[in-house]
Each structure stands twice: as structure tokens, then as C-alpha cells.
Amino acid sequence: MRDKQILFLALPSLVYLLVLTLYPIASNLALSFYERTYEGTLKWVGLGNYIWLFQKDPYGPLIVANTIVYSLATPAISIALALPVALALKRLGGKWLLPIMVPAFIPPVTAAMAWYLLLNPLYGLGYYLMKWGLIHANPISSIWAIVLIDVWRAFPTAVLVIYSGLKAIPKAVEEAALADGLAGPRKFLAVDLPLVSPQILTAFILTALTGFFTFDPIYIGTAQVGPRILDNLAYYSYEAFTSGEFGYSAMLIVIMTAIGTALSLAYMRALSARTFIKMPLPSWMPRREVPKAVHALVLALVLIFVAVPFAWLLLISVKPPNEIIQVPPTILPSRLALDNYLQVFTNGLPFLLMSLYVSAINSIVTIFLAAATAYQMRVHNFGGDKLVAYILYLMSTPTLIYIVPLYLMLRDLGVLDTLWALVLTYPIMTLPYGIWILYNYYSNFNRQVEEAALADGMNRLKAFARVILPLSRNGMSVAGLYAFLFSWGALVFPLAFTSTPYNLNNPLGFSGAQTFSIYIGMLMSPVTMSYGGVAAAGIVSILPPLVYLIAVRRNLEKIWGAE
């Protein structure tokens, strides 16, 4: 009876994930062997789509090259940036971790839009970079603008992972290193680097996944510089999907899935790595501790890097219209103008409401489903290592691979362009993260709590609902943060499954389901360009996840083992 209750608690989320992930992956593979005919039917072409990409597609070499650049440059730069920052945090204290983490917790479309406004060659700081000769071409038309945006969003996660590893180094090891006369860079190479090498590898793979599957910066950038210049495999597959070329899109997604699976396997190996990096100790390496002023300078520079796009966004949002398009651009507005915010809360209200609905519903659903499954996995070893591996695989798999099969499924159900299309599909993004976060949280949970509740006459279901859930508040708050973050900033699913804004004239019908991320993208299109409106919408989009992040910041560090 008790085993059945364990199964009852764990099964809902697992059935959901297995059905809505295995089916799309298999369906993509089958679709990749077909192409659409002029009559709109599917025709078997075997490997024709694959051959076309590598031999005949005029954009194939460019797409592959861009994908390689994004996938390698993003992790390399992120780790190079994160290492000194993590060391500085350990030396000076972790109080600066929260402001450094902010870029990782804002919608990706907002991050992209902030950088494009900042780098604009006429109305942004890009004007002065070109005037001073620091750059010689329009910065927003370069693929390195995409890398810059990806690094800005990805390096905070790398900092958190590496800093957590440094904090977890046993005190006895630190004392032994001190007794051996090791300090500063010499201690880092001899002691710290070998011990945190698994965390560095984990951070590298996580940031590589960000670069490989980058989508939102290309979506925003393409509206500024034109098609194909910035495309990678992810965005090119979306373009094929929107033009009705489901077979070609599925083929691109199959290739991405294969590469993503390889990165996922590397991620899983990194998490369980027991081999450590050892570097030779050059004789000239100083034995002294690096002065605190150097660490402070590192933190100051990285905080400027984090803050400048936010500051520019805020200044643009309150500038009068004539000053926004003034050449050369001014830094400070002559007066505060709130017209842009009025525009956001009137024209953008349907999009804002829909994002709030979907984010709240999905966060609640994710928290409770994930808690029920994660507890059984960790405490009762439900599913064993194979289930843990599958959850990790889903975490590192991009949601883009699901759009074609899910679009066809939602179309058959008749729920496209409704709230229900998003509510049904969003947990694919958030459940794996929620389960993993709570799986780690329950590793230190006292299982005697459940045994005491069972001894008091409760069955396992009542014990979980009345005793375990209330004691899981901290872990659930972090799982909820990630669920809210993904839901609030989601772009691919709303673009694929919705087409009109929320119908406020029939609010309980929940028809029309475009989200706030789509609204921001619409404001950045060449047709409806509104720099002030975009900036105000960006500031508004930052606030909900930022408030949530501040509320649960201490619990966030515990998930990665920093405390």
C-alpha cells in the first residue's frame, strides 16, 4: 500500500514529462525525413533534408559557422570572467553575489533589447565607441554582439557555480595549505583549481548550452540588421517552422538534439566528476595573497559591466521623445517623461496580464508536482540513477526541439492561441529544473520526520501534504523562482503557439495569449520601432523576477552548496 502511495505521488509529473518529451523527440526524427509539397502534404525524401543543408543550402555554411562561434566563445569568455570574480567574492564576502546574479534572472529578450539600445550607432553609446575609433563597424550587426549578450546573461551562473565550489572547500584543507606556505595564485593553482575543477567544467557546459541554443538575441537583432546575418541552427529552424517547412525544421532540430545530447552527457559527467585539473606551479608564481584592492577592483569592474545596460535602459525609458533620437546622444534627460510607461500599461496591458497568469499558474503547478516527485526520488530512491539522469538530460535540452510536434498536437486539440496552450506546455521547461532543485534540497532532509508522521497514524499522502510540504518552503521557493523566471521570460513557445493578444473584452474566455516578451519584440520591429516604449517595457519586465530573486536570495545559494 505504501509503495503504491509513493508511486501515486511521483507519477503525475513523470507521466507528463515522458509523454510530452519522448513523443516530440521521436516525432521530430520521423518528420526530418519528409518535406512539404506545394499541395501542403508531406512527401518522403529520406535523407534529402540533411543533404540539402550540407550541400545545397546557400545559408548552411553561415548558419553552422555562427553556431560554432556562439557555442565556443560564450563559455570561454564566461569562465575567464567568472573565475576572478568568484575568487574575489570568496576573499571579500558574498554580499556582492546578488547584484552580479541579476542578469541571469531577467527575461532574455529584455537583456537583448537593453544591449541593442546601448550599442545603437546613432542613439546609444555605440555612437561614441565609433567616434573614438574603438570600433569601426556598426556593432549591432556583428555576431559578437550576440556573444556579448550571451556572456552577460551566462557568466553570473558560472560565477555562482564556481563560487559555491570555492566555498565548499573544507576548512582543514585551507589550514593545511596555509601551513605549507601556499597563498594567493600559488594556492589557487595547487589547491583551489583541482578541487573546483568539476564546478568549472559544469559551468563551462552550462554556458556552452546557452551559446549553442541562443535564440532571443537573434530574434531581436534580426529585426535591426536583417535576416540571416546573425542566424544559428536554433533560429534557422524556427524560421523554417514559421514558413511551414516542418520537415526541414525537424531536421535542423534533430541535429541540435544530437549535439545537445552530447553536451547533456558531458554535463552529467561533470556533475559526478572525480578527476581534477592540475596545473604546474611556475617558480616565479608569487607566494603572497593578492591585495584586497585588486579583488575589489575586479568586483567594481564586473558590477559596472552588469549595471551599464540597466542604467541606459532606465535613462532611455524616462527621456522625452526628441532626446531619445538626438545625435549625438545625451546621457541624462533634461526632464523626466513617464509617457513611455503609460504606453506600456495601456497598449501592453493584455500581454502583461497574460504573462502574469501563465507565470503564476505554471509556478504553482511546477512547485507541487516537482516536490512530490523529487521527494520520492531522493528519500525513497524512486526511479534510481536512470531517472536522475533523464531529468538532467531534460534540463540541458532546449525547448525549441518540441515546437513542431507540440504545435501539431495543440492544433489538433483546438487550443492554439489560448491560455491553455501555454499552461499545458510550459511545465516542459520548468518541471525538470524544479525536480532537480528539490532533489538536491531533500538530500539533507530528515526522513525521520515522515516516519514520525506515519507512526502517528497518517498515511504517506497525508504525511507529505501536512508535514513534509510545510517543511519544504525554502526549496520550493527556489524551484518557484526558476519556474517563474522561465515562464515570465519565455519567447519560443508563445511565438509558436499564439498569434493574438489576450482578448480583454472576453477575459474569462482566455483567448489570445501573446505574452509580454512578444510585446517587447513587437516594439523593436522596424515597423513599430519605439525606443522609449521598448525601454519602459524592459524595465517593467525586470521587476517581477527581481523582486522574487531578492526574496529568496539566501535559499538560492544553498541549492548550489555555498552555505
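Cut-off values and rules
- In this convention, every chain numbers its residues from 1, walking through the sequence in written order.
- Since the coordinates come from a predicted model, pLDDT governs what is reported: local features require at least 70, and pairs of side-chain atoms require 80 or more to be given and counted, while whole-chain, interface and lining totals use all residues.
- In computing side-chain properties, one takes all heavy atoms of the structure into account and sets aside hydrogens as well as water.
- Aromatic contacts are taken between Phe, Tyr and Trp rings whose centres are within 6.5 Å, Trp giving its six-membered ring; a plane angle under 30 degrees counts as stacked, one over 60 as edge-to-face, and the others as tilted.
- Strands here mean DSSP runs of E at least two residues long; helices mean DSSP runs of H or I at least four residues long; both are numbered from the N terminus.
- Burial here depends on accessible area, computed with a 1.4 Å probe over protein chains only, as a share of the maximum for the residue type. Under 20% is buried, over 50% is exposed, and the range in between is partly exposed.
- When the NZ atom of lysine or the CZ atom of arginine is within 6 Å of a ring's centre and also within 35 degrees of its normal, the charge is said to sit over that ring.
- Only one rule defines a salt bridge in this text: a Lys or Arg side-chain nitrogen within 4 Å of an Asp or Glu carboxyl oxygen.

Asks: Report on the packing of aromatic side chains, specifying residues and quantitative values.
Replies: Applying the stated rule across the entire model yields 41 aromatic pairs. Look at Trp436 and Tyr439: their rings are 5.7 Å apart centre to centre, the planes differ by 15°, and that puts the pair in the stacked class. With Trp436 and Tyr439 both in helix H20 (residues 427-441) and three residues apart, this pair spans about one turn of that helix. No difference in accessibility class separates Trp436 from Tyr439, as the two residues are buried. Residues Tyr441 and Tyr442 carry aromatic rings whose centres are separated by 5.6 Å and whose planes lie at 65° to one another, so their mutual orientation is edge-to-face. Of the aromatic side chains, those joined through ring pairs into one cluster are Phe215, Tyr219, Tyr235, Tyr238, Phe241, Phe246 and Tyr407. The ring centre of Tyr439 lies 4.1 Å from the NZ or CZ of Arg378, which sits over that ring.

Asks: Pulling in residues and values, what's your account of the pattern of salt bridges?
Replies: Taken as a whole, this structure holds eight salt bridges when the rule is applied. For Lys187, the salt bridge is made with Asp192, and the minimal N-O distance between the two is 3.0 Å. A residue is classified by how much of its surface remains accessible, and Lys187, at 11% relative accessible area, is buried. Exposure remark for Asp192: the relative accessible area of 5% places this residue in the buried category. One salt bridge connects Arg447 with Glu451, and the closest N-O pair in it is separated by 3.8 Å. The exposure class of Glu451 is partly exposed, given its relative accessible area of 42%. One salt-bridge network, in which partners are shared between bridges, spans Lys90, Glu174, Lys187 and Asp192.

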